[in-house]
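Breakdown of the fold
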Amino acid sequence: MYATTVRTKFVAQHYLTVPDPGPEGDPHSHHYRVELCFRGPELNEFDYIVDIDNAETALSSLADRYQDTLLNDLPEFEEYNPSVERFARVIFERVIARVTDETVTELSVTVWEDEDAAASYDAAV
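In short, a report on the structure. This structure is a prediction, so every number in the text was calculated from the model and none was measured. (Residues numbered from 1 in each chain as written. Predicted model: local features only at pLDDT ≥ 70, side-chain atom pairs only at ≥ 80, totals over all residues. Heavy atoms only, no water.)

1. Let's talk about the packing of aromatic side chains
Defined as follows: Between 30 and 60 degrees the pair is tilted, below 30 it is stacked and above 60 it is edge-to-face, where a pair is any two Phe, Tyr or Trp rings, Trp via its six-membered ring, whose centres lie within 6.5 Å. A run of DSSP states H or I qualifies as a helix once it reaches four residues; a run of E qualifies as a strand once it reaches two. Both are numbered from the N-terminal end. Relative accessibility thresholds used throughout: buried, under 20% of the residue-type maximum; exposed, over 50%; partly exposed, between the two (1.4 Å probe, protein chains only).
Under the counting rule described, the total for this entry stands at eight aromatic pairs. Pairing F10 with Y32 gives two aromatic rings, centres 5.9 Å apart and planes at 40 degrees, and the pair type is tilted. Residue F10 is located in strand β1 (residues 2-14), and its partner Y32 is located in strand β2 (residues 28-40); the two are separated by 22 residues in the primary sequence. Across the pair, Y32 and F10 agree in class, each one buried. Each member of the aromatic cluster is reached from another via a ring pair, and the members are F10, Y32, Y66, F77 and F87.

Have a look at this one:
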């Protein structure tokens, strides 16, 4: 299995909407780091698993969308708790809509909310 990983960083805000969220229930910022890992068993005719320019364009659009925003206010989080786990799923869905290389059969998205805590979502594409 081949794999290519790309990363970006941005700052965004959120607050948790669960019962008794403690201090996480107040709006606060995270220095998010997003890692996209594209996987597949074969390379394309150029010996790529994914066109890295397309992957970086997807990352750039993610950073543009979420930089300095309050996640709770965005439609993709409507009726959802904007946890780091949910954020990983939201990013997965946005990326697979933009990066359509046929050699990519799986995508893993890892979202770090700080140096010690991360959540991932991965699935077949």
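2. A short note on unusual backbone geometry
Where the residue is not glycine, phi is negative for most of them; where a peptide bond is considered, it is trans in most cases. With phi around 65 degrees, D47 is a residue other than glycine that occupies positive phi space. Examined against the element boundaries, D47 turns out to sit in the loop between β2 and α1 (52-66). Overall, D47 belongs to the exposed group, its relative accessible area being 59%. Residue D68 is not a glycine yet carries a positive backbone phi of 60 degrees. Here D68 falls in the exposed class, since its relative accessible area comes to 54%.

Limitation: the analysis is restricted to geometry and does not speak to function.
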